[in-house]
Amino acid sequence: MGIFDGLKRDKKAEETIALEEIENTEQPNQSVVDEGFFETDVEDVEVVEREVNHVIQEVSPRKIKPYSKKKPVKHAIGQTKVLAIINQKGGVGKSTTAINLAAALGEMKKQVLLVDLDPQGNSSSGLGIEKSQVEHCIYDALLNGVPLEEVIIPDVCEGLDLVPATINLAGAEVELVSEMARENRLKDIIGCLRGKYDYVFIDCPPSLGLLTVNALVAADKLLIPIQCEFYALEGVTKLLDSMKRVKSVLNPSLETFGVLLTMHDGRTTLSRQVADEVRGYFGKGVFDTVIPRSVKLSEAPSFGQPITEYDPNGKGAQSYIELAKEVISRG
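A brief look at the structure comes next. Being a predicted model, the structure only gives us computed values, none of them experimental.

### Describing the nonpolar core
Right, on to step 1. One finds I138, F201 and I202 to be the most contacted residues of the largest nonpolar core, which totals 91 residues.
Right, on to step 2. Those residues in contact with F201 that lie beyond four places of it in its chain are L83, I85, L101, A102, L105, V112, L113, L114 and V115.

### Section: the side chain of S319
Right, on to step 1. Of note, S319 is situated in helix α14 (residues 315-329).
Right, on to step 2. A distance of 2.6 Å separates the side chain of S319 from the backbone oxygen of G316, its partner in a polar contact.
Right, on to step 3. Ignoring sequence-local partners within four residues, the contact set of S319 consists of T289, V290, I291 and P292.

### Notes on unusual backbone geometry
Right, on to step 1. Residues other than glycine seldom take positive phi values, yet K109 does so here, at roughly 75°.
Right, on to step 2. Its location among the elements puts K109 in the loop between α4 (94-107) and β2 (112-116).
Right, on to step 3. Look at K109 and you get exposed, because its relative accessible area is 59%.
Right, on to step 4. Here M263, not a glycine, exhibits a phi torsion of approximately 55°, which is positive.
Right, on to step 5. Exposure remark for M263: the relative accessible area of 21% places this residue in the partly exposed category.

### So, the pairing of strand β3 (residues 153-157)
Right, on to step 1. Burial of β3 is extensive: five of the five residues sit out of reach of the surface.
Right, on to step 2. Looking at chain direction, β3 and strand β4 (residues 160-163) are connected through two bridges and run antiparallel. Residue pairing across strands places C157 opposite L160, the latter belonging to β4.

Conventions and cut-offs
Residues numbered from 1 in each chain as written. Predicted model: local features only at pLDDT ≥ 70, side-chain atom pairs only at ≥ 80, totals over all residues. Heavy atoms only, no water. Core = buried A, V, L, I, M, F, W, Y, C linked by side-chain atoms within 4.5 Å. Buried < 20%, exposed > 50% of the residue type's maximum accessible area, 1.4 Å probe, protein only. Contact = heavy atoms within 4.5 Å. Helix = DSSP H or I, 4+ residues; strand = E, 2+ residues; numbered from the N terminus. Polar contact = N/O pair within 3.5 Å; in protein donor to acceptor, adjacent residues only side chain to side chain. Pairing = 2+ DSSP bridges.

Interpretation note: all reported values are geometric properties and have no functional meaning in isolation.
See below:
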């Protein structure tokens, strides 16, 4: 049975259930309407909105301190591994993986640097950084010669430092075109930090422009998140072709570190079939750990916390902890 057969069967079942629900639904009688049923619903909604606004007001941004105030490292740093978290398709869990994998490794006593290279700045906001308070971002390091130490925000979580991104980065694609050695800018910047971190993760934008090329040149290996949905493998072939071109010309040591299945729902035939398709295509390159679809994983960024802080005992946190163990075991 192919992937399309499972999709059609799931869709047909959903349509049947929806039809039965419509047929069995009773219309509210006039007496219920007259008794102010809908007014009560409006009041309930207003109460919920007040509670949500109260929660949002309680979520304060993380304090930004200079790199000179970074906590001392308590273990010897080995060889720094630079991994680009990349997929040209958007919405596959790149930033979610960047934040939570980095935080999980930090809690395992590793020193981790997360470089937000996406103009949307989701990794920055997902870690509670208020962008309006950021003095320098990765744009300044790439194009204005600002030393990376002046850009890094240390200790945003245990063992985790951040190079933030702001909307200024949106213009970098155009500005880099006329620059000398434009593909090597990020590599040169990160090079001075080798030996100071166990892992450097680069959260890439969902495109194959100059920013992504910079990440491909700077990285030792690629970590590719793929969501367990219908268009899972769309665009991955182009990404691998780009990787091969960069490897042949600019970065001969570039390899794929691993493929991560995200947004997996074991209850659906579609998720299981997509997982099988991906494992059949990439073989042992696919991580054993699978990231489940989780409401808590979606909520955590709005609180400016990684899932290991927001819901440490949930299935989302446990899956990223298991992934961190796999990343360490792969060396």
